[in-house]
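Inside the fold
Given next are the chains, with one letter for each unit.
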Amino acid sequence: MDIAAITGNINTIGYGISVIGAGIGVGIVFGLGMQAIARQPEARGPLQTNIYLGFALIEALAILGFVLAFAAPTA
């Protein structure tokens, strides 16, 4: 068995784990954001801005995991 074939599979598993983390993060940000808006509806504007910023940062990390899944080690 060639080690390069195994490395590709390990990269794919790593990307899957990073997507799970991003999904959990988005769920937490959205859930807590909706809870905060429900508690203080007058603060909706600033809270939505922070929610969108949180989404963007989490998704950027997920995209970084996707890019690193294709990074092959040079041996």
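Everything below is about the structure shown above.
My aim in this report is to walk through the structure given alongside it, one point at a time. These numbers come from a predicted model, not from an experiment. (Residues numbered from 1 in each chain as written. Predicted model: local features only at pLDDT ≥ 70, side-chain atom pairs only at ≥ 80, totals over all residues. Heavy atoms only, no water.)

**Some words on the overall build of the chain**
- What the chain contains, in helices and strands, is 2 helices and 0 strands.
- Only carbon and sulfur atoms are counted for the fraction: they give 73% of the accessible area of the chain, which is about 5,600 Å². (Helix = DSSP H or I, 4+ residues; strand = E, 2+ residues; numbered from the N terminus. Areas by Shrake-Rupley, 256 points an atom, 1.4 Å probe, with all protein chains shown as cover.)

**Some details on the packing of aromatic side chains**
- Within this structure, the stated rule accounts for 2 aromatic pairs.
- Pairing F30 with F55 gives two aromatic rings, centres 6.4 Å apart and planes at 20°, and the pair type is stacked. Of this pair, F30 sits in helix 1 (residues 3-39) while F55 sits in helix 2 (residues 44-69), and the two are 25 residues apart along the sequence.
- Residue F55 is classed as partly exposed on the basis of its relative accessible area, which comes to 22%. (Phe/Tyr/Trp six-rings, centres within 6.5 Å; stacked < 30°, edge-to-face > 60°. Buried < 20%, exposed > 50% of the residue type's maximum accessible area, 1.4 Å probe, protein only.)

**What to know about a nonpolar patch on the surface**
- Residues I20, I24, I28 and L32 make up a contiguous nonpolar surface patch of roughly 410 Å² in combined accessible area.
- Residue position: I28 is located in helix 1. (Patch = residues over 30% accessible without salt bridge, like charges linked within 9 Å, V, L, I, M, F, W, Y side chains within 5 Å. Salt bridge = Lys/Arg side-chain N within 4 Å of Asp/Glu carboxyl O.)

**Let's talk about helix 2**
- Between the first and last C-alpha of helix 2 there are 37 Å, a value that for 26 residues agrees with the 38 Å anticipated at 1.5 Å per step.
- Inspection of helix 2 places I51, G54, I58, A62, G65 and A69 among the buried residues, and these make up the whole buried set. (Expected span 1.5 Å × (residues − 1).)

**Description of the environment of T12**
- Tracing the backbone shows T12 in helix 1.
- Assessed through its relative accessible area of 53%, T12 is described here as exposed.
- In this structure, the C-alpha to C-alpha distance between T12 and F70, residues 58 residues apart in sequence, is 8.3 Å.

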